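Listed below are the residues making up each chain.
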Amino acid sequence: MTKHRRHQSSSVYRPAHRQTQHHPVVVLFSLMMVCYALVQLKQLFIQHNGVGGPGWTIGQPQTRWDLRLGNRPLPELQALALDLVNRDRQVNGLPPLVEDPLLSLAAQRHAEDMLRRRFYDHVNPDGQDPSDRFMALGGQVGAGENIMQQVGGMPMTLSYGLVEEYQKGWMYSPGHRENLLTADHTTFGYGIVANPLGTEIYAVQMFSFPAQ
């Protein structure tokens with residue numbers, strides 16, 4: 001009987017075994033980190049733009065795989081955004097755009113305003129549309145605009161890979177692609193911002209015409 005009772009000492013370990021089980025919060029956090037890693041790896045290794053659609057095409061990613069991740073300064077993101085727009089205009093037989101610092105300022109302020117005031121629209125709560133905002137800063141002509149919002153999900157960094165993904169999304173959306181491939185556009189501006197956690201991101205492309 002003593003042996004039998006001692007053999008059942010395994011029952012003593014069952015509570016201890018239960019104590020080593022992961023708390024649901026820990027499990028959830030681990031799953032979130034795995035998902036985050038998979039998203040980041042997709043940006044790193046599996047970025048592919050396809051071939052476009054009827055009557056239009058899209059260029060291939062411009063960023064080397066080993067440079068796609070990690071936060072980048074805003075001027076670097078803006079420079080890549082312009083390169084990507086001109087890549088897609090070139091493969092569709094259109095002239096390149098040049099950066100207009102005033103357009104970039106208007107785009108960045110609109111991205112920051114959407115984050116700060118928690119709205120997502122081309123018209124801000126004050127009733128200003130893209131042309132209004134551009135001309136309020138000194139622009140001489142009207143402006144077109146593409147916007148992007150990413151809310152919730154895994155935290156993201158403002159990386160080259162993210163700028164590439166947003167450009168791809170705009171190109172595969174007919175209305176946004178129309179702005180990107182408008183022959184009369186000559187200038188370009190770009191803004192992008194994220195909340196501190198990287199779970200809310202707004203990006204803005206702006207386009208305009210020669211000053212009259």
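Not measured: the values here are computed from a predicted model. (Residues numbered from 1 in each chain as written. Predicted model: local features only at pLDDT ≥ 70, side-chain atom pairs only at ≥ 80, totals over all residues. Heavy atoms only, no water.)

> Pulling in residues and values, what's your account of the pairing of strand β3 (residues 187-194)?
Taken across its 8 residues, β3 has 7 buried, putting it largely inside the fold. As defined by bridge partners, strand β1 (residues 98-99) adjoins β3 across 2 bridges and the pair is classed as parallel. Its bridge partner being in β3, glutamate 99 is matched across the sheet by phenylalanine 188. In this structure, β3 lies alongside strand β4 (residues 200-208), joined through 8 bridges in antiparallel fashion. Within β4, the residue paired with valine 193 across the bridge is tyrosine 202. Hairpin connection from β3 to β4: 5 residues lie between these consecutive antiparallel strands, with glycine 198 at a positive phi of about 75 degrees. (Buried < 20%, exposed > 50% of the residue type's maximum accessible area, 1.4 Å probe, protein only. Helix = DSSP H or I, 4+ residues; strand = E, 2+ residues; numbered from the N terminus. Pairing = 2+ DSSP bridges.)

> Lay out the pattern of salt bridges in plain terms, naming residues and giving numbers.
Across all of its chains, the model carries 7 salt bridges by this definition. Across the salt bridge formed by arginine 87 and aspartate 88, the nearest N and O atoms sit 2.8 Å from each other. The pair formed by arginine 87 and aspartate 88 is uniform in burial state, with each residue classed as buried. Put simply, arginine 117 and aspartate 126 hold a salt bridge, and the shortest N to O gap is 3.0 Å. Owing to a relative accessible area of 55%, aspartate 126 belongs among the exposed residues under this scheme. By sharing partners, the salt bridges in this structure join Asp113, Arg116, Arg117 and Asp126 into a single network. (Salt bridge = Lys/Arg side-chain N within 4 Å of Asp/Glu carboxyl O.)

> Residues and numbers for the packing of helix α4 (residues 74-91) against helix α7 (residues 160-171), please.
Interhelical geometry of α4 versus α7 gives an angle of 35 degrees and a closest axis separation of 10 Å. As α4 runs across α7, the sense of the crossing is right-handed. Note on element contacts: α7 touches α4 through Tyr160, Val163, Glu164, Gln167 and Met171, opposite Glu76, Leu77, Leu80, Ala81, Leu84, Val85, Arg87 and Asp88. (Axes fitted to C-alpha atoms, helices over the stretch in contact; angles between N-to-C directions. Left-handed = near helix turned anticlockwise from the far one by under 90°. Contact = heavy atoms within 4.5 Å.)

> Could you give an account of empty space enclosed by the protein, naming the residues involved and the relevant values?
Tallying each qualifying case throughout the model produces 1 cavity of 30 Å³ or more. Of the voids in this model, the largest cavity is the one considered here, and its volume is about 30 Å³. Lining the largest cavity, in full, are Ala81, Leu84, Val163, Tyr166, Gln167, Trp170, Tyr190 and Gln205. Taken together, the elements giving at least two residues each to the lining of the largest cavity come down to α4 and α7. Top contributing element to the lining of the largest cavity by residue count: α7, with 4 residues. Across the lining of the largest cavity, the residue classes tally to 6 nonpolar, 2 polar and no charged. (1 Å grid on protein atoms, 1.4 Å probe; cavity = no way out; pocket = protein on both sides within 12 Å on 5 of 7 lines; lining within 4 Å. Points joined across faces, edges and corners; volume = space filled by probe spheres on them. Nonpolar A, V, L, I, M, F, W, Y, C, P; charged D, E, K, R; others polar.)

> Describe the environment of alanine 203, with residues and values.
As for its placement among the helices and strands, alanine 203 is situated in strand β4. What makes alanine 203 buried here is its relative accessible area of 0%. Residues alanine 203 and glutamate 112, 91 residues apart in the sequence, show an inter-C-alpha distance of 9.0 Å. Setting aside residues up to four positions removed in sequence, alanine 203 forms contacts with Asn146, Ile147, Met148, Tyr166, Trp170, Tyr190, Gly191 and Ile192.

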